[in-house]
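Tertiary structure, described
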Amino acid sequence: HDPKKLIGQDESKTLEVLEKEKVKGAIRTDFVLSAEIIVITLGTVATAAFTQQILVLTGIAAVMTVGVYGLVAGIVKLDDGGLYLASCKGKNLVAALKRKLGFGILWFAPHMMKTLSVVGTAAMFLVGGAILVHGIPMVHHTIQHISNGINNGFLQTVLPTLLDGVFGVIAGIDVLMVMLAAKKLLKIIKVK
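Residues numbered from 1 in each chain as written. Predicted model: local features only at pLDDT ≥ 70, side-chain atom pairs only at ≥ 80, totals over all residues. Heavy atoms only, no water.

**Structural notes on the overall build of the protein**
Quick note on the threshold: Counting from the N terminus, the helices are DSSP H or I runs at least four residues long and the strands are E runs at least two residues long. C-alpha atoms define the radius of gyration in this analysis, and the globule rule sets the expected value at 2.2 Å times the number of residues to the power 0.38. Working definition: with a 1.4 Å probe on protein chains only, accessible area under 20% of the residue-type maximum means buried, over 50% means exposed, and in between means partly exposed. The contact definition used throughout considers only heavy atoms, calling two residues in contact when any of these lie within 4.5 Å. Methods summary: accessible areas were calculated by the Shrake-Rupley approach with a probe of 1.4 Å, and residue burial reflects only the protein chains presented. Charge counting follows a simple rule: Lys and Arg are positive, Asp and Glu are negative, and His as well as the terminal groups are ignored. Positions of charges follow a simple convention, taking NZ of Lys, CZ of Arg, CG of Asp or CD of Glu.
In terms of helices and strands, the protein carries 6 helices and 0 strands. Across the protein, helices and strands are ordered from the amino to the carboxyl terminus as α-α-α-α-α-α. By the compact-globule yardstick of 16 Å for 192 residues, the protein is too spread out, its C-alpha radius of gyration being 23 Å. The principal-axis extents of the C-alpha atoms in the protein amount to approximately 65 × 55 × 45 Å. Buried residues in the protein amount to 17% of all 192 residues. At a minimum sequence separation of 6, the contacts of the protein that also span at least 24 residues come to 43%. When the accessible surface of the protein is totalled, it reaches about 14,400 Å², and 73% of it is carbon and sulfur. Of note, the protein has its 19 positive side-chain charges centred 6 Å away from the centre of its 12 negative side-chain charges.

What follows is the structure, encoded as structure tokens:
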């Protein structure tokens, strides 16, 4: 029995392969998130002087790198910390509490990661959709017109964000279809 193989998984997928797949997915997500942040930042300082734009972008990049990606690194390593605490030796109260906390973290970490992946994906569609909608005046005005026609204050406030998200999902599907078609076309060209 190879300890690097996952129980219940395809034998060809080792922990190392799964880890590489997760890293690739995280890099793609970080790229999209970074691009969205830069677009939002550029939109905010679009009328500022070029020097001020550079300073603001540099500042945002530094804060995002240290703050957000530092937090993400901590979340990714959370299970390692739980494993460390769960393996603490000793019979005293402190060691027992460390083990209990470690097992609690090991139980909690996968649930938190699943939740964050769903929430993060939804947030990316909402933010990406909003960026696209604000860049297409006709769509932006249509969404505003629809939401202004609603008498419910809560729904009137939430509806533009939801419609931005729907637009983001539609745009994402369009991009995915183009990429899949291009991939198939490249395979056909390589075969010939």
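**Considerations on the side chain of Q53**
Here Q53 lies in helix α2 (residues 50-76). When residues no more than four places from it in sequence are discounted, the contact partners of Q53 are V45, A46 and A48.

**Here's the deal with helix α6 (residues 153-191)**
Definition in use: How far a helix is expected to stretch is found by multiplying one less than its residue total by 1.5 Å. The seven residues ending at a residue and the seven starting there each receive a fitted axis; the angle between those axes is the bend at that residue. Polar contacts, as used here, are pairs of N or O atoms within 3.5 Å; protein pairs need one atom able to donate a hydrogen and one able to accept it. Residues neighboring in sequence count only if both atoms are side-chain atoms.
An ideal rise of 1.5 Å per residue puts 57 Å on 39 residues; α6 measures up with 58 Å between its terminal C-alpha atoms. In α6, a bend of some 35 degrees at L159 exceeds every other bend along the element, and P160, a proline, comes one to four places later. Among the residues making up α6, those that are buried are L159, P160, D164, G165, G168 and A171. Where the residues of α6 are buried, they touch α4 (93-135) and α5 (137-148). One side-chain oxygen at the N-terminal end of α6 lies 2.9 Å from the backbone nitrogen of F154; it belongs to N152.

**Some words on the packing of helix α3 (residues 78-86) against α4**
Each pair of packed helices can be summarised by the angle the axes make with each other and by the distance between the axes. Definition in use: Orientation is described by lines fitted to C-alpha atoms, with helices fitted over the stretch in contact, and by angles between N-to-C directions that extend from 0 to 180 degrees. Small angles under 35 degrees read as roughly parallel and large ones over 145 as roughly antiparallel, with 65 to 115 read as roughly perpendicular and the rest as oblique. For a crossing to be left-handed, the near helix must be turned anticlockwise from the far one by less than a right angle; the clockwise case is right-handed. For this classification, Asp, Glu, Lys and Arg are treated as charged, while Ala, Val, Leu, Ile, Met, Phe, Trp, Tyr, Cys and Pro are nonpolar and the rest, including Gly, are polar.
In the contact formed by α3 and α4, the axes pass within 7 Å of each other and the chain directions differ by 155 degrees. As judged from the angle between their axes, α3 and α4 are roughly antiparallel. For the pair α3 and α4, the crossing hand works out as left-handed. On α4, the residues that touch L78, D79, G82, L83, L85 and A86 of α3 are K98, R99, L101, G102, F103, I105, L106, A109 and M112. In the contact of α3 with α4, the residues fall into 10 nonpolar, 2 polar and 3 charged.

**Overview of the side chain of H140**
Relative to the elements of secondary structure, H140 occurs in helix α5. Overall, H140 belongs to the buried group, its relative accessible area being 19%. In contact with H140, other than residues within four places in its own chain, are V133 and H134.

So far we have only geometry, and geometry alone does not tell us how the molecule works.
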